[in-house]
Amino acid sequence: MKVGFIGTGSMGSLLIYALIQSGALEPRQIAASNRTPSKVSQLSLRYPGLHESQSNRETVIRSNIIFLCVKPLEFRHVIDDILPVVNSNHIIVSITSPVQLRHLESSLPCKVSKVIPSVTHQVGSGASLFIHGERMTAEDRSLLEGLMSHIGKPYQVDEACTRITSDFSSCGPAFISFFLEQWIESAVRLTGIKRADACALAGEMLLGTGKLLTEGGYTPQELQARVAVPGGITAQALALLRNNLDGVFDSLIHTTHEKYDEDLVKLDEVFRASEINRQQY
Ligand SMILES: NC(=O)C1=CN([C@@H]2O[C@H](COP(=O)(O)OP(=O)(O)OC[C@H]3O[C@@H](n4cnc5c(N)ncnc54)[C@H](OP(=O)(O)O)[C@@H]3O)[C@@H](O)[C@H]2O)C=CC1
Ligand SMILES: O=C(O)[C@@H]1CCC=N1
């Protein structure tokens, strides 16, 4: 299997790192290209054998599976660029949520899937979300899921649920880290605890909580009930959180969905505009 990456920014380079580190891929199985070539040069120095492509087309020509790791509004440009060298056997994967399967299937003559990864794959953890296109055979699906299963847990989701599922698996690490940052800063300011100690304790706590929710059979409600003895300290603090955060998560979901919808409108325009004279595959 040969795997290509177009875009080696934050997520492209993280996926390359995680897939090599986990043993899923050897560097010689990878080809990569990036708008700013020096980012790929650095990767090829770090992972001898990784092929530093001189163009996005070269990445496609050398690969069976190609991950497009660019931002949503850069997709159209990348697709127009690689189109002449894409054939029906290629599997092209979008890692970004607002680009729809219909955008990809109408503009590419190959198999397509969406795989929304998570920063948690850097440590071989977290969920990756799969939305397969119709041209993906059962074998193609298990090839792609098998690859990603080395660095996270594959979950199949409906395209209509892409945003909310990505909110948890991909945006979630940032949301929870925001919560922890605020808590840690207050702790340092009010109690004098060392920031490093508070960070370490918070991380261990989050890891253990995650295990209780995934392996321990707890729901979030059950965990709260288990810790918060009636009339105790935790129960009092939970009551405060309940009052102060009332409505916050509804607003959070509205915010992520509004931004997604904005991107989707722009993508519909961009894909429609340049498809007027193009054959539909
Ligand atoms: N960060 C995260 O946790 C997650 C991100 N994603 C998605 O991944 C996508 C990429 O995000 P992220 O990696 O953070 O963004 P970055 O900006 O870090 O990376 C994007 C990369 O794409 C490159 N690029 C842009 N245009 C082209 C082109 N025409 N040809 C080749 N390379 C190009 C850029 O090159 P240059 O060096 O010139 O800027 C840059 O290195 C986003 O759509 C995001 O939604 C999905 C899940 C999680
Ligand atoms: O495309 C997305 O929505 C992902 C989730 C986190 C960042 N980008």
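- Under an unreviewed UniProt entry, the name given to the chain is Pyrroline-5-carboxylate reductase, and the source organism is Paenibacillus polysaccharolyticus.
- For the record of the chain, the UniProt heading Function (unreviewed entry) holds the text "Catalyzes the reduction of 1-pyrroline-5-carboxylate (PCA) to L-proline."

### Some thoughts on the side chain of Ser113
- In this fold, Ser113 is placed in strand S6 (residues 111-116).
- Exposure remark for Ser113: the relative accessible area of 0% places this residue in the buried category.
- Among residues more than four places away in sequence, those in contact with Ser113 are Ile92, Val93, Ser94, Leu101, Leu104, Ile131, His132, Gly133, Met136 and Leu144.

### Thoughts on a nonpolar patch on the surface
- Taken together, the side chains of Phe175, Ile176, Phe179, Trp183, Met205, Leu206, Leu240 and Leu241 define a hydrophobic patch exposed on the protein surface, amounting to about 720 Å² of accessible area.
- Listing elements by their share of the nonpolar patch, those giving two or more residues are helix H7 (162-191), helix H8 (195-214) and helix H10 (233-244).
- Per element, the largest residue contribution to the nonpolar patch is four residues, and it comes from H7.
- By the secondary structure assignment, Phe179 is in helix H7.

### Notes on the site of ligand 1
- Taken together, 22 residues lie near ligand 1, and Met11, Asn34, Thr36, Lys39 and Thr96 sit nearest.
- Residue Thr36 places a side-chain N or O atom 2.5 Å away from an oxygen atom belonging to ligand 1.
- The contact in question runs from an oxygen atom of ligand 1 to an N or O atom on the side chain of Lys71, over 3.3 Å.
- Mapped by element, the contributors of at least two residues to the shell around ligand 1 are helix H1 (10-21) and helix H4 (75-82).
- For the shell around ligand 1, the residue count by class is eight nonpolar, 10 polar and four charged.

### Structural notes on the sheet that holds S6
- Reading across the sheet, the eight strands line up as S3-S2-S1-S4-S5-S6-S7-S8 and stay open at both edges, with mixed pairing between neighbours. The open sheet has two free edges, formed respectively by strand S3 (51-52) and strand S8 (153-156), since each of these has just one partner strand.
- Relative to S3, strand S2 (residues 30-33) is paired through two bridges, and the arrangement is parallel. Looking at the pairing, Ala32 lines up with Glu52 of S3.
- H7 contacts S6 and strand S7 (127-132) of the sheet and is inclined by roughly 160 degrees relative to S7.

### Considerations on the environment of Val123
- Looking at the element boundaries, Val123 is found in the loop between S6 and S7.
- As a C-alpha pair, Val123 and Leu45 span 78 residues in sequence and 22 Å in three-dimensional space.

### Observations regarding the site of ligand 2
- Looking at ligand 2, the residues that line it are Thr96, Ser97, Arg163, Ser170 and Cys171.
- Separating an oxygen atom of ligand 2 from a side-chain N or O atom of Thr96 is a distance of 3.3 Å.
- Relative to its unbound accessible area of 240 Å², ligand 2 is 63% covered by the protein chains.
- Broken down by class, the residue content of the shell around ligand 2 amounts to one nonpolar, three polar and one charged.

### Structural notes on the packing of aromatic side chains
- Inspection of every chain in the model, using the stated rule, returns one aromatic pair.
- Taken together, a centroid distance of 5.2 Å and an interplanar angle of 10 degrees make the contact between Phe5 and Phe67 stacked. Of this pair, Phe5 sits in strand S1 (residues 3-6) while Phe67 sits in strand S4 (residues 65-68), and the two are 62 residues apart along the sequence. The residues Phe5 and Phe67 share a single accessibility class, namely buried.

### So, the environment of Val3
- Mapping Val3 onto the fold places it in strand S1.
- The spatial distance from the C-alpha of Val3 to the C-alpha of Phe67 is 7.7 Å, given a sequence separation of 64 residues.
- The residues touching Val3, leaving out its near neighbours within four places in the chain, are Leu25, Gln29, Ile30, Ala31, Ser63, Ile65, Phe67 and Leu147.

### Some words on the UniProt feature "domain: Pyrroline-5-carboxylate reductase dimerisation" (unreviewed entry) in the chain
- The sites that UniProt annotates as "domain: Pyrroline-5-carboxylate reductase dimerisation" (unreviewed entry) are residues 163-262.
- Helix makes up 84% of residues 163-262 and strand 0%, whereas the separation of the span's terminal C-alpha atoms amounts to 12 Å.

### Quick notes on the UniProt feature "domain: Pyrroline-5-carboxylate reductase catalytic N-terminal" (unreviewed entry) in the chain
- Those places that UniProt annotates as "domain: Pyrroline-5-carboxylate reductase catalytic N-terminal" (unreviewed entry) correspond, in this numbering, to residues 2-97.
- Counting secondary structure, residues 2-97 comes out at 36% helix and 19% strand; the distance between its end C-alpha atoms is 24 Å.

Definitions and limits used
Residues numbered from 1 in each chain as written. Chains lettered and ligands numbered in written order. Predicted model: local features only at pLDDT ≥ 70, side-chain atom pairs only at ≥ 80, totals over all residues. Heavy atoms only, no water. UniProt positions renumbered as here; feature names shortened; annotations may be inferred. Helix = DSSP H or I, 4+ residues; strand = E, 2+ residues; numbered from the N terminus. Buried < 20%, exposed > 50% of the residue type's maximum accessible area, 1.4 Å probe, protein only. Contact = heavy atoms within 4.5 Å. Patch = residues over 30% accessible without salt bridge, like charges linked within 9 Å, V, L, I, M, F, W, Y side chains within 5 Å. Areas by Shrake-Rupley, 256 points an atom, 1.4 Å probe, with all protein chains shown as cover. Salt bridge = Lys/Arg side-chain N within 4 Å of Asp/Glu carboxyl O. Near = heavy atom within 4 Å. Polar contact = N/O pair within 3.5 Å; in protein donor to acceptor, adjacent residues only side chain to side chain. Nonpolar A, V, L, I, M, F, W, Y, C, P; charged D, E, K, R; others polar. Pairing = 2+ DSSP bridges. Axes fitted to C-alpha atoms, helices over the stretch in contact; angles between N-to-C directions. Phe/Tyr/Trp six-rings, centres within 6.5 Å; stacked < 30°, edge-to-face > 60°.

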